[in-house]
Amino acid sequence: MTARLLPWLCLAVAALFGLAIALRLRSHDVPLSLTLACALAVAHVVDRTAERVIGGRAWTTYRCPAPGCLFEVRVRGVDAGESRHWQETAANHPTH
Ligand SMILES: [Zn+2]
């Protein structure tokens, strides 16, 4: 499987989970706005998790070295120069 298909695979799996949640909530007469919010939230979490699990090796993560700072940059498919740029950006971002 090529790396270009992984995001689409993750999105498809996420959409299925979101649809499953939406169908279950609709059968309990949950309002449409709440159903939509829950389905999108579940789809987003599944997409992020699947992408990290399935395509975890394809991404490079640069974290801010400041203690307690949670800033991070995740890149994929970049050349060495661009990768270095994001590494420097993560190490020296304006909002610690
Ligand atoms: Zn920071």
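The residue numbering used here restarts from 1 in each chain and proceeds along that chain's sequence as written. This being a predicted model, a pLDDT of at least 70 is required before a residue's local features are given, and a value of 80 or more before pairs of side-chain atoms are given or counted; all residues contribute to the totals for chains, interfaces and linings.

Colleague: Explain the packing of helix H1 (residues 6-26) against helix H2 (residues 32-54) here, please?
Modeller: Relative orientation and spacing of two packed helices are given, respectively, by the angle between their axes and the distance between those axes. Here, axes are lines fitted to C-alpha atoms. For helices the fit covers the stretch in contact, and angles between N-to-C directions go from 0 to 180 degrees. Numbered from the N terminus, helices here are DSSP runs of H or I no shorter than four residues, and strands are runs of E no shorter than two. With their axes 7 Å apart at the nearest point, H1 and H2 run at an angle of 150° to one another. In terms of their interaxial angle, H1 and H2 are classed as roughly antiparallel. Both H1 and H2 take part in a crossing whose hand is right-handed. Under the grouping applied here, Gly and all other residues not named as nonpolar or charged are polar, the nonpolar ones being Ala, Val, Leu, Ile, Met, Phe, Trp, Tyr, Cys and Pro and the charged ones Asp, Glu, Lys and Arg. In the contact of H1 with H2, the residues fall into 21 nonpolar, two polar and three charged. Should an angle lie under 35 degrees it is considered roughly parallel, over 145 roughly antiparallel, and from 65 to 115 roughly perpendicular; all remaining angles are considered oblique. The sense of a crossing depends on the near helix, which, turned anticlockwise from the far helix by less than a right angle, makes the crossing left-handed and, turned clockwise, makes it right-handed.

Colleague: Quick question: what am I supposed to make of the domain arrangement of the protein chain here?
Modeller: One widely used convention gives an interface's size as the accessible area the parts lose upon coming together. As annotated, the domain borders come from an automatic or database domain assignment. Splitting the protein chain by domain gives domain 1 (6-58) and domain 2 (60-91). Put simply, the middle of domain 1 and the middle of domain 2, counted by C-alpha atoms, are 27 Å apart.

Colleague: Is there a simple way to explain H1 in this structure?
Modeller: Side chains three or four residues apart in an α-helix point the same way, a direct result of the helix having 3.6 residues per turn. With 21 residues, H1 extends 30 Å between its outermost C-alpha atoms, agreeing within 8% with the 30 Å of an ideal straight helix rising 1.5 Å per residue. Three classes are used. A residue is buried when 20 or more other C-beta atoms lie within 10 Å of its own, exposed when 12 or fewer do, and partly exposed in between, with C-beta atoms placed from the backbone. When we look at burial in H1, the residues that qualify are Cys-10, Ala-14 and Gly-18. Along the long axis of H1, the arc covered by the buried residues comes to 65°, so they all point the same way. Set apart from the buried face of H1 by more than 90 degrees, the exposed residues are Trp-8, Leu-16 and Leu-23. Buried-residue contacts for H1 involve H2. Here the expected span of a helix is defined as 1.5 Å times the quantity of residues minus one. An arc is given here, and it is the one of the directions from the helix axis to the C-beta atoms. This entry defines residue contacts through backbone-placed C-beta atoms, with two residues in contact when those atoms are within 7 Å.

Colleague: Would you mind showing me how to read the environment of Phe-17 here?
Modeller: Among the structural elements, Phe-17 can be located in helix H1. On the basis of neighbour count, Phe-17 is assigned to the partly exposed category, with 19 C-beta atoms found within 10 Å. Each C-alpha atom of the pair Phe-17 and Val-42 lies 7.0 Å from the other, and the pair is 25 residues apart in sequence. Discounting chain neighbours no more than four positions away, the residues touching Phe-17 are Val-42, Ala-43 and Val-46.

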